Amino acid sequence: MLVPANLLPVLSTQSYGHHRSDTIFSGAIRLWQQGLWPIAVIVVTASILIPLLKLAGLGWLLFQARRGASGNSRRLTRLYAALDFIGRWAMLDVFLAAFLTGLVRFGELSTVVPRAGIVAFAAAVVLTVLATQAFDPRILWRVAPS
Amino acid sequence: MRCDAVLARGARAGTDSALVFSVTGLALALPAVMLPFVSAGKLGAERISFLFTGVRTLWDSGMTSLAVLVFLCGVLLPLTLLATLAVLHAPSRLGWQISGFPLLHWAGHVLEHWAIPEVQVLAVLVALLRLGSVVNVTIGPGFWCYCAMAFSLLVAQRSSNFNSTAPAAAAGSPP
């Protein structure tokens, strides 16, 4: 779901008759170009980095779990706790889209409309949270069969 | 402790703080919902947004699944978690006996992954910074009540510990 979430537009903005659609990445670039680089960094971190880190981290944990406990169990458990904590912040863009959609409704002057990309992104976030919850960190302490 | 490893820690501030902050959060929920959240103005036109405005707009736009997700994670589940925490910690303080304690404990453990009002607070702040140059925005009292509610939930969660049996022992129920 991350592929359509990043390829499809998430928000469309209409301002003084000009219509523009943005994906997550193009929206962040536009923020950077407008000088709002802290917001651009937050959006890229929450919408792109965190989901990718979660997927990569869970994949690594699954790989290590198959190999069995090798002395890294404590570190891997901390990695799991970190992934569990950061996952919620990926919802930032979803809440952002909902808030902007509800507030910016000034007709032809300025209007923000959500697009399909934000639905795909929300689905991706929900799936990553469910994947994290489905992973039992206790298996990281299981000794590999000899 | 077992084999010099900490398996679980009890609540630092005790069950009283968890009860106090969960009840406080519940009390703040009503003004957060009823009072204006944010207002925006552009060339004389003004729009006042409440906590549910974004959810309702998404629903009206046909994005019902997104509206439900935002409503659950931003409003309903935080309130449910606050109520769960209050019910979990009230018996030890008020001398009540409740049944279904393990179920409530499990529910709280599940809810804490999905009740994320702090993320919505950050999202609104980011949106306000983004909109500042486009429209005139004014933060309403509803937003401050929502921030206080989110803070109360965070403190109540930190004062509880869903990974230990401390609340169960305090309530007199078997772990």
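The structure presented is a predicted model; accordingly, all values stated were derived computationally and were not measured.

What about the overall build of chain B?
Turning to step 1, where the next piece is worked out: Looking only at helices and strands, chain B features 7 helices and 3 strands.
Turning to step 2, where the next piece is worked out: The N-to-C order of helical and strand elements in chain B reads α-β-β-α-α-α-α-β-α-α.
Turning to step 3, where the next piece is worked out: Here chain B holds 175 residues, and 37% of them are scored as buried.

Examining the sheet that holds strand β3 (residues 136–139) of chain B
Residues and elements named next belong to chain B.
Turning to step 1, where the next piece is worked out: Reading across from one edge, β2-β1-β3 is the order of the 3 strands in this open sheet, with antiparallel pairing throughout. Two strands lie at the open edges of the sheet, namely β2 (45–49) and β3, each paired on one side alone. Adjacent strand axes in the sheet meet at a mean angle of 15°, parallel and antiparallel pairs treated alike.

Re the interface of chain A and chain B
Turning to step 1, where the next piece is worked out: In this complex, chain A contributes 28 residues to the contact, which on the side of chain B involves 34 residues.
Turning to step 2, where the next piece is worked out: Taken together, the elements giving at least two residues each to the side of chain A that touches chain B come down to α3 (37–67), α5 (92–103), β3 (110–114) and α6 (116–134) of chain A.
Turning to step 3, where the next piece is worked out: The dominant element in the side of chain A that touches chain B, judged by the number of residues it contributes, is α5(A), at 10 residues.

As for the confidence of the model for chain B
Interpreting fine coordinate detail is not advised for predicted regions of low pLDDT.
All names here are of chain B.
Turning to step 1, where the next piece is worked out: Confidence along chain B averages 82 in pLDDT terms, with 81% of residues attaining 70 or more.
Turning to step 2, where the next piece is worked out: Taken element by element, the predicted model of chain B shows its lowest mean pLDDT in helix α7 (residues 166–171) (40) and its highest in helix α6 (residues 141–159) (92).
Turning to step 3, where the next piece is worked out: Low pLDDT, under 50, characterises residues 164–175; the predicted model gives this stretch 23 contacts beyond four residues in sequence or across chains.
Turning to step 4, where the next piece is worked out: For this predicted complex, the interface score ipTM comes out at 0.84, while the overall pTM is 0.83.

So, the packing of α5(A) against α6(A)
Residues and elements named next belong to chain A.
Turning to step 1, where the next piece is worked out: For the pair α5 and α6, the least separation of the axes is 9 Å and the interaxial angle reads 145°. Seen from above, α5 lies across α6 with left-handed handedness. In contact with D93, V94 and A97 of α5, α6 contributes I118, F121, A122 and V125.
Turning to step 2, where the next piece is worked out: Taken together, the residues of the contact of α5 with α6 break down into 6 nonpolar, no polar and 1 charged.

What about the sheet that holds strand β2 (residues 18–22) of chain A?
Either a parallel or an antiparallel arrangement is found when strands of a sheet pair, and the pairing is made through backbone hydrogen bonds.
Residues and elements named next belong to chain A.
Turning to step 1, where the next piece is worked out: Overall, antiparallel pairing links the 3 strands, which are arranged β2-β1-β3 in an open sheet. In the strand order of this sheet, the two ends are held by β2 and β3, each with one partner. Taking each pair of neighbouring strands and ignoring which way they run, the sheet shows an average axis angle of 15°.
Turning to step 2, where the next piece is worked out: Strand direction decides the pairing type here: strand β1 (residues 11–15) and β2, joined by 5 bridges, are antiparallel. Bridge assignment links Q14 to a residue of β2, and that residue is H19.
Turning to step 3, where the next piece is worked out: On the sheet, α5 packs against β1 and β3 and is oriented at approximately 140° with respect to β3.

Here we look at helix α5 (residues 117–131) of chain B
Every α-helix carries 3.6 residues per turn, so stepping three or four residues along brings you back to the same face.
Turning to step 1, where the next piece is worked out: With 15 residues, α5(B) should cover 21 Å at 1.5 Å per step; its first-to-last C-alpha distance of 21 Å lies within 8% of that length.
Turning to step 2, where the next piece is worked out: Of all the residues in α5(B), the buried ones are B:P117, B:V119, B:Q120, B:A123, B:V124, B:V126, B:A127, B:R130 and B:L131.

Description of the packing of α3(A) against α6(A)
Residues and elements named next belong to chain A.
Turning to step 1, where the next piece is worked out: Running from amino to carboxyl end, α3 crosses α6 at an angle of 35°, the nearest separation of the two axes being 11 Å. Here α3 and α6 pass one another in a crossing that is left-handed. Touching S47, P51, K54, L55 and L58 of α3 are F121, A124, V125, T128, A131 and T132, all from α6.

Thresholds, definitions, all that
- Residues numbered from 1 in each chain as written.
- Chains lettered and ligands numbered in written order.
- Predicted model: local features only at pLDDT ≥ 70, side-chain atom pairs only at ≥ 80, totals over all residues.
- Helix = DSSP H or I, 4+ residues; strand = E, 2+ residues; numbered from the N terminus.
- Buried ≥ 20, exposed ≤ 12 C-beta atoms within 10 Å, placed from the backbone.
- Pairing = 2+ DSSP bridges.
- Axes fitted to C-alpha atoms, helices over the stretch in contact; angles between N-to-C directions.
- Contact = placed C-beta atoms within 7 Å.
- pLDDT = per-residue confidence, 0-100.
- Left-handed = near helix turned anticlockwise from the far one by under 90°.
- Nonpolar A, V, L, I, M, F, W, Y, C, P; charged D, E, K, R; others polar.
- Expected span 1.5 Å × (residues − 1).

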